[in-house]
Every structure is written in structure tokens, then in C-alpha cells.
Amino acid sequence: MEQKPARVRIVDAAHQLMLTIGLARATTKEIARAAGCSEAALYKHFPSKEELFVAVLKERLPRLNPLLKRLIATPGVGERTVEQNLTEIARQAALFYEQSFPIAASLYAEPRLKERHNAVMRELGTGPHMPIRGLDAYLRSEQAAGRVRSDVDTYAAASLLLGACAQRAFAYEATEAGGPPQSLDAFAASVARTLMQGVGE
């Protein structure tokens, strides 16, 4: 069987280690060893652990930003309702936060690592605020199309939906029941429906 390219192996290994032992404790040496390459080879592909972390988020977790970009470019395409689009966004966002939360949580235990990480995110023009901006832009495009009320604060609406999705990942992590009371699909539909009661025409 043909071996995967080094970059793919590095991202796979980083993803696995970040999930199991956290970002703070996943050293580049351990990631390289798990990927079956040298640390020098790792640095050839990724100048820093933070850039590797961004690659893991972009390439191994549910993709929220491409969905938002598509909806911003073509609001109302195929006669999908705003509620249907918000349901799809909520589903992808909940999945993203559920899978990224265990990886990112360890950042908060190491202030220096968090500061370095934030600096790299700023350099790369990315960060946790980007989905809120993207959803705000989508809702504004629907506002312009007359499918969202003109008096709605679209940034607040975007923050409410994505905040609920992030909270779902955070709130039920340590419960005895082992998970949220609703399935992912029921949660996404319910959040979208509830938001539409406040923003819909």
C-alpha cells in the first residue's frame, strides 16, 4: 500500500494527538514521530505548531466557512428557505465546535501558547470570529433579498446562533448523560426555527 504524502501524515498525526492529549502537550517532536518523519520535515511544511493547528482546523474538521461563503454568494439559490440554510449552518457549526473544543481547550491552560497562537491567527487572517462575520454577511445578504426583516441586528443574530452551537459542545462535555438532550439534527432545526421567529419576514 502506498504511503500518504508527508504533509498529509503530519496533519493526520497532529489531529490525532491534539484530540487525545491536547494542543499544549502535542509537541512537534511527538507529532513528527507519529507521522513517521523528522521534525525538520514537519517544519518544511509548517513553520510553527500554530500554523499546523490552523491546518488541522481547516482540513480535518467540519467546514463551516466554505458553506457560509457559498450561501453569501448565492442566497436563496434552489429556493431553499432561510430557515433551511440556518439549519445547515447550525448543524455544521455544532459539529465543528464539538470536534474543535477538545483540541482548543488546552490553549487556555497555557497563556504563552495562547498568546503565540492568537498572534499567528491574526497574521493568517483567521480566528474564531470569522464564522460570526461570515454568518452576519449571509444574513445581511438575505436582508437585502427581503427574506430577513430590515430592522434585525444581523451580527447579534449570528452571534446567538453560533454561540448556541459552541455552548452545546461546551455544556455537555462533562455530563453524566454523556451528551446533549437533543440529537444534532433536532438541535440544528430547533435553533434555526427559534432564530427565524425573531428575524424572519
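Residues numbered from 1 in each chain as written. Predicted model: local features only at pLDDT ≥ 70, side-chain atom pairs only at ≥ 80, totals over all residues. Heavy atoms only, no water.

Novice: So what about the side chain of arginine 9? Which residues, and what values?
Specialist: Structurally, arginine 9 is set in helix H1 (residues 6-21). For the buried arginine 9, no salt bridge is present, and the opposite-charge side chain at shortest range is aspartate 12, 8.1 Å distant. Of the polar contacts made by the side chain of arginine 9, one reaches the backbone oxygen of alanine 35; its length is 2.7 Å. Among all residues touching arginine 9, those that are not within four sequence positions of it are Gln3, Lys4, Ala35, Gly36 and Cys37. (Helix = DSSP H or I, 4+ residues; strand = E, 2+ residues; numbered from the N terminus. Buried < 20%, exposed > 50% of the residue type's maximum accessible area, 1.4 Å probe, protein only. Lys, Arg positive; Asp, Glu negative; His and termini not counted. Salt bridge = Lys/Arg side-chain N within 4 Å of Asp/Glu carboxyl O. Polar contact = N/O pair within 3.5 Å; in protein donor to acceptor, adjacent residues only side chain to side chain. Contact = heavy atoms within 4.5 Å.)

Novice: So what's going on with the packing of aromatic side chains? Residues and values would help.
Specialist: All chains considered together, the criterion is met by 1 aromatic pair. Taken together, a centroid distance of 5.5 Å and an interplanar angle of 70° make the contact between phenylalanine 96 and tyrosine 97 edge-to-face. Like phenylalanine 96, the residue tyrosine 97 is buried in the burial classification. Note that arginine 168 overlies the ring of phenylalanine 187, its terminal NZ or CZ placed 5.1 Å from the centroid. (Phe/Tyr/Trp six-rings, centres within 6.5 Å; stacked < 30°, edge-to-face > 60°. Lys NZ or Arg CZ within 6 Å of the ring centre and 35° of its normal.)

Novice: Break down the packing of helix H8 (residues 130-144) against helix H9 (residues 154-171) for me, citing the residues and quoting the values.
Specialist: Packing of H8 against H9 brings their axes to within 8 Å, and their N-to-C directions diverge by 130°. Between H8 and H9, the crossing angle belongs to the class labelled oblique. Of the two elements, H8 crosses H9, and the hand of that crossing is right-handed. Touching Pro131, Ile132, Leu135, Asp136, Leu139, Arg140 and Gln143 of H8 are Thr154, Tyr155, Ala157, Ala158, Ser159, Leu161 and Leu162, all from H9. Its residues assigned to classes, the contact of H8 with H9 comprises 9 nonpolar, 3 polar and 2 charged. (Axes fitted to C-alpha atoms, helices over the stretch in contact; angles between N-to-C directions. Parallel < 35°, antiparallel > 145°, perpendicular 65-115°, else oblique. Left-handed = near helix turned anticlockwise from the far one by under 90°. Nonpolar A, V, L, I, M, F, W, Y, C, P; charged D, E, K, R; others polar.)

Honestly, it's all geometry; don't read function into it.
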